[in-house]
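# A closer look at the structure
Spelled out from the first residue to the last, the chains are:
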Amino acid sequence: MPDLDVLVIGAGPAGAVAAWQAKQAAPELDVALLERDRAVGSPVRCAEGVGDAGLREFANPDGADWAARKITRVIFLAPDDTEVKVAERDVGWVLDRTRFDAHLAAQAAAAGAEVLVGTEATAMARNGGRGGDNRWHVRVKQRGVDEIYRARVVIGADGVEAMVGRWAGLDTRVPSRDMESCAQYVLQGIDCDPDAIYLQFGDAIAPGGYAWIFPKGVGVANVGLGLVALKTDGRNAREYLDAWIARRYPAAARTGYTVGGVIVHTTIKKTYTDGVMIAGDAAHMINPLSGGGIVNAMKAGRLAGCTAAAAIRECDTSDRRLSAYHRAWMELLGDDHLKYYRIKQALEALDDSFFNGLARTVNKIPQEKRSLGRIFAHALIKHPQLIPVAARFFV
Amino acid sequence: MRHVTPDTIAVVDRAVCDRCGLCLPLCPPEAIHLESNVLTVERETCTGCEKCIGPCPVGALEMVAYA
């Protein structure tokens, strides 16, 4: 029976960074990183966009093989196709997630963590109480064989499914209105600015979400959308995407396809319990306004890994000790997400004519002076009902 | 656990399902499982609430008569 100090379940950005940081903080610990799929980073269920500054806290994208494209512009498309260009230096990157996730897992391995692919956790229970060993006993399936792993601390980084949280008795369920249903193709041979990401809003295009074009090279891009099912006309995400692509890029070759869920909620109420911490998508640590989660996941993974290392050294992995992880996360980003969530709710009340009008107003600002802040200011002038939301956000 | 037998329950078409896992956290009674790359809806746990149906990005879940 493998006996571990830290068992990380899920080798995406949250899990890989958690294992890496735990081992780096306390090299004497036995740390294992489990990946259900046969390869870390595959299949990709992601639009692969990431902000520059957040990424650099964990990895240097300059010249890296896992960085597919540097992005220097954002182009918003109103529902009526009016383009609004917002140029900023160092906006971000479109990653090659297959390589990026493998890079992070390799960092964990280099620090001394054991990476196990094709290895699926299927259940776990705490062996506490009198006569218990105070460890989590995790049932792990590898090549069809079940084995029990014992661990002092389990870090659940298992994505949208969030089974580790469920097994630990935490509430990881999501209300339907806060689930974005996403579909995406890799399109080849398309005409778009390879240095820009495009975001298009519209009730007929992606109700409750947006459609995106994230270039991975010249003429190649992740083209997808996310929507809220409760707001649709009954079609699913793939059908909405097919309609959008048929209109925009009817001749493009579709060389890849993925679907998935993005939780646009706020952090789960409790991300920890005795010997367990939940990080990344599994704990709903996604920016509810943008749907971005990669950097958040890595930041949460770092907090969880370091907390696990310190707690084990102190011989205290209790609920009370691990609550420090939750507090640190809320202070770092979780409290901001509560504000973003309120803005999201306010934006939901706006219709296509508002965004069409805003796009035309903003285009009167010279492009070099166009920033997200100014766009937001114009939105406030046109829609004073947003002011209380903005006040709560900026105060 | 459900208290009333539903008229209809959700079933998955495995030929269409992409195993993305989106439906798992939407299920109030936690009747949906994804293990060994196979999605399963527990017949005896599903309450027929339909919360998983619309959000499936590929339409792999549908309601059928519970019989």
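Conventions adopted
- Residues numbered from 1 in each chain as written.
- Chains lettered and ligands numbered in written order.
- Predicted model: local features only at pLDDT ≥ 70, side-chain atom pairs only at ≥ 80, totals over all residues.
- Helix = DSSP H or I, 4+ residues; strand = E, 2+ residues; numbered from the N terminus.
- Buried ≥ 20, exposed ≤ 12 C-beta atoms within 10 Å, placed from the backbone.
- Contact = placed C-beta atoms within 7 Å.
- Arc of directions from axis to C-beta.
- Core = buried A, V, L, I, M, F, W, Y, C linked by C-beta atoms within 7 Å.
- Domains from an automatic or database assignment.
- Nonpolar A, V, L, I, M, F, W, Y, C, P; charged D, E, K, R; others polar.
- Expected span 1.5 Å × (residues − 1).
- Bend = angle between axes of the 7 residues up to and from the residue.
- Pairing = 2+ DSSP bridges.

Here the focus is the overall build of chain A. Check the secondary structure of chain A and you find ten helices and 16 strands. Within chain A, the proportion of its 395 residues that are buried is 48%. Considering only contacts in chain A between residues 6 or more positions apart, those separated by 24 or more positions represent 70%.

Before going further, it helps to examine unusual backbone geometry. Between Ser 42 of chain A and Pro 43 of chain A the backbone carries a cis peptide bond, its omega angle lying at 0°. Counting through the fold element by element, Pro 43 of chain A comes out in the loop between β2 (31–34) and β3 (49–51). Its identity is not glycine, yet Arg 19 of chain B carries a phi of approximately 60°, on the positive side. Relative to the elements of secondary structure, Arg 19 of chain B occurs in the loop between β1 (8–12) and β2 (32–35). Of note in the backbone geometry, Ser 36 of chain B takes a positive phi value of approximately 50° without being a glycine.

The subject of this paragraph is helix α8 (residues 352–362) of chain A. All names here are of chain A. Within α8, the full set of buried residues consists of Phe 355, Leu 358, Ala 359 and Val 362. The arc enclosing the buried residues of α8, seen along the axis, measures out at 100°, which places them on a common side. Across α8 from its buried face, at more than 90 degrees, point the exposed residues Ser 353 and Arg 360.

Moving on to the nonpolar core. All names here are of chain A. Core analysis: the largest hydrophobic core is formed by 137 residues, its most contacted members being Val 8, Leu 33, Val 154, Ile 155, Leu 225 and Ala 279. A per-element tally of this core places helix α6 (residues 294–313) first, with eleven residues. Beyond its immediate sequence surroundings of up to four residues, Val 154 is in contact with Leu 7, Ile 9, Met 124, Trp 136, Val 138, Val 164, Gly 275 and Val 276.

With that settled, consider the domain arrangement of chain A. Taken domain by domain, chain A consists of domain 1 (3–45 + 98–174 + 267–337), domain 2 (70–92 + 176–263) and domain 3 (346–394). Centre-to-centre, using C-alpha coordinates, domain 1 of chain A lies 39 Å away from domain 3 of chain A.

Okay, the interface of chain A and chain B next. Taken residue by residue, the interface counts 25 residues in chain A and 19 residues in chain B. Secondary-structure elements contributing two or more residues to the side of chain A that touches chain B are β7 (119–127), β10 (179–188), α5 (237–248) and β14 (253–263) of chain A. At four residues, the largest contribution of residues to the side of chain A that touches chain B is made by β10 of chain A. Among the residues making up the side of chain A that touches chain B, the classes are represented as ten nonpolar, nine polar and six charged.

Residue and element names in this part refer to chain A. An ideal rise of 1.5 Å per residue puts 44 Å on 30 residues; helix α7 (residues 319–348) reaches only 37 Å between its terminal C-alpha atoms. Helix geometry: α7 is bent most strongly at Met 330, by close to 60°. Every buried residue of α7 is listed here: Leu 322, Tyr 325, His 326, Trp 329, Gly 334, His 337 and Lys 344. Those residues of α7 that are buried are in contact with β15 (272–273), β16 (276–278) and α6.

Residues and elements named next belong to chain A. Bridge analysis of strand β1 (residues 3–9) against strand β9 (residues 145–156) gives six bridges, and the strand direction is parallel. Residue pairing in the sheet places Val 6 in a bridge with Val 153 of β9. Here strand β8 (residues 135–142) pairs with β9 via seven bridges, running antiparallel. Across the sheet, residue Arg 139 finds its bridge partner in β9, namely Ile 148. Between the antiparallel neighbours β8 and β9 lie two residues, among them Arg 143 with a positive phi of about 50°. Pairing geometry for β9 and β16, over three bridges, is parallel. Among the inter-strand pairings, Gly 156 is bridged to a residue of β16, identified as Ile 278.

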